[in-house]
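Topology and contacts: notes
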Amino acid sequence: MDRQVVLPFLKSLEIAYKNLRVRFFRSMITTMSLVLAIAFLTFVGVTTDIINGMLDSGNTEAHQKLTQSGYDIDSVQSRMESDVKQRWIIMLSLLVCVVGIVNAQLMAVTERFREIGTMKCLGALDRFILRLFLLEAGIQGLAGAAIGAVAGCFFALLNAFFRFGTLFLTGFYWSDMAAAAGVAMGVGSLLSLIGVFYPAMVASRMQPVEAMRIEH
Amino acid sequence: MTEPGNIVRVSKLTKNFKMGKMDVEVLKGIDLEIVKGQYISIMGPSGSGKSTLFNMIGGLDKPTSGKVYIDEVDISQLDAYELAWLRCRKIGYIFQTFNIIQVMTALENVTLPMVFAGMNNDDAVQKGIELLDVVGLGDRFQHKPFELSGGQQQRVAVARALANDPAIILADEPTGNLDLTTGEEIIKLLKRLSLERGVTIISATHDFKMLNVSDQVVWIRDGRVDKIEDRNELSISVGQIDDRG
Ligand SMILES: Nc1ncnc2c1ncn2[C@@H]1O[C@H](COP(=O)(O)OP(=O)(O)OP(=O)(O)O)[C@@H](O)[C@H]1O
Ligand SMILES: [Mg+2]
């Protein structure tokens, strides 16, 4: 006899999706810091693309605009310095974001101990629980990062338009923006998964009695 | 060595809990044999170790020493996969606090163990609806737990416990959070299932209403089996209880 318990992938996806929908507010709060971080990341990326496009275009009008808004276009060094600074800020914001996610997910997981214990009594394996949490975080990551990327692009374009007028389009490629948004979405999903991993491990390894004894 | 027909056998079972540096002995050597198809009540005062015993029999917690055999299989020898299988297919659990998964509908709660057991979705849904019908909730399958009363939630739990036609239903104070009438209905339902389906029912309880339907009552006191009474011996002590209570 085949003594295996199973949870088909599609079914786990369905459960994960329903879990997120039912706990919409909870999920939103968990995802909020991610949306902000990714929006920031995209904003910076797209803005850099726009400015580099204007610099590289050789268009004198564009260069004038840049100088007006405080860019030192001749100095390669200052360009690199600001790059490094930017990178640090981005790294920090992403780090803060991960910490935020871990924190929110730990709370979310604690709220669900009883549910986890019950599922284990019904025959769930550790890895079913782990998979559900990872799927939920993956969906959250994709959705949150998508929203963040769209917002980031939108504000980068808006910001560029107010600073440089239509000149910002010189040397700007939509494909670059799509690439920046794509990278941001990838990073976002990854961060979401990293953030949930530890809480999900803790949750999935709980013994059913331990999980159910905890009172809320 | 053992008589056939013992669905559960407990041998020299002990369980200690660590409380700081102290070891607290909660179960102090329990021996028990439970015959297939019976309705067993485990009675005893609060703190006597009923829930602890329940968890050991159900494979939810590990004994300190001693063995639990389900169908003559020593469950301490099972690996994680086999244990999950046992919980999924062999045993149905019912708890005092219902433990319905709050974010799922009644039907989803009932079908989840069938999904784990590998049943395809359509069959699971059909069987789920049938089971909810059996427990008298045929028209409520789309309801979320918070839309159901305590009694109705416990019925969902009973239907869920039956999902994979288990040999054993373990119930830890199934009527503990219910009022008198609702509790009585749940007891009747369990009794009917044990008669109709031949499920072995093992129920830890304070509830003397349970005694009327039990084939056997195991009295636990202070981590030991105090006495085991069969149905025919019961009336005497029940009389005493009624006098007292
Ligand atoms: N995880 C634990 N850690 C420490 N002590 C425990 C633990 N679980 C149970 N105990 C102790 O074991 C004893 C028996 O508990 P148990 O829950 O089995 O009693 P019970 O007979 O089910 O009581 P009740 O009728 O109130 O449910 C109690 O004294 C309790 O404090
Ligand atoms: Mg108890």
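1. Points about the pairing of strand β10 (residues 224-230) of chain B
Residue and element names in this part refer to chain B. In this structure, strand β9 (residues 216-221) lies alongside β10, joined through 6 bridges in antiparallel fashion. Bridged to V218 within β10 is I228. What sits between the antiparallel neighbours β9 and β10 is a turn of 2 residues, in which D222 has the positive phi angle 55 degrees.

2. So, helix α2 (residues 24-57) of chain A
Residues and elements named next belong to chain A. Helix length check: α2, at 34 residues, gives a terminal C-alpha distance of 46 Å against a target of 50 Å (1.5 Å per residue), a fit within 8%. In α2, a bend of some 40 degrees at T31 exceeds every other bend along the element. Remark: G58 follows α2 within two positions and exhibits a positive phi of approximately 75 degrees.

3. Quick look at the nonpolar core
Residues and elements named next belong to chain B. Counting residues in each nonpolar core, the largest one holds 38 residues, and the members touching the most others are L132, V156 and V158. Listed by contribution, the elements that provide at least two residues to this core are β3 (39-43), α3 (106-116), α4 (121-134), α5 (150-161), β7 (168-172), α6 (180-197) and β9. Apart from residues no more than four positions distant in its own chain, V158 is found in contact with I94, V135, L189, L190 and L193.

4. Topic: the site of ligand 1
Neighbouring residues of ligand 1: 14 residues in total, closest S46, K50, S51, T52 and H206 of chain B. Mapping the residues near ligand 1 onto chains gives chains A and B. In this structure, G47 of chain B approaches ligand 1 through a main-chain N or O atom, which is 2.9 Å from an oxygen atom. In the environment of ligand 1, an oxygen atom lies 2.8 Å from a nitrogen or oxygen atom belonging to the side chain of K50 of chain B. Here ligand 1, which alone exposes 630 Å², has 69% of that area covered by the protein. Structurally, ligand 1 is housed in the largest pocket. Secondary structure elements with two or more residues in the shell around ligand 1: β1 (6-19) and α1 (50-57) of chain B.

What counts and how
- Residues numbered from 1 in each chain as written.
- Chains lettered and ligands numbered in written order.
- Predicted model: local features only at pLDDT ≥ 70, side-chain atom pairs only at ≥ 80, totals over all residues.
- Heavy atoms only, no water.
- Pairing = 2+ DSSP bridges.
- Helix = DSSP H or I, 4+ residues; strand = E, 2+ residues; numbered from the N terminus.
- Expected span 1.5 Å × (residues − 1).
- Bend = angle between axes of the 7 residues up to and from the residue.
- Core = buried A, V, L, I, M, F, W, Y, C linked by side-chain atoms within 4.5 Å.
- Buried < 20%, exposed > 50% of the residue type's maximum accessible area, 1.4 Å probe, protein only.
- Contact = heavy atoms within 4.5 Å.
- Near = heavy atom within 4 Å.
- Polar contact = N/O pair within 3.5 Å; in protein donor to acceptor, adjacent residues only side chain to side chain.
- Areas by Shrake-Rupley, 256 points an atom, 1.4 Å probe, with all protein chains shown as cover.
- 1 Å grid on protein atoms, 1.4 Å probe; cavity = no way out; pocket = protein on both sides within 12 Å on 5 of 7 lines; lining within 4 Å.
- Sits in = over half its atoms within 2 Å of the grid points.

Remember that the coordinates give geometry; whether it matters functionally is a separate question.
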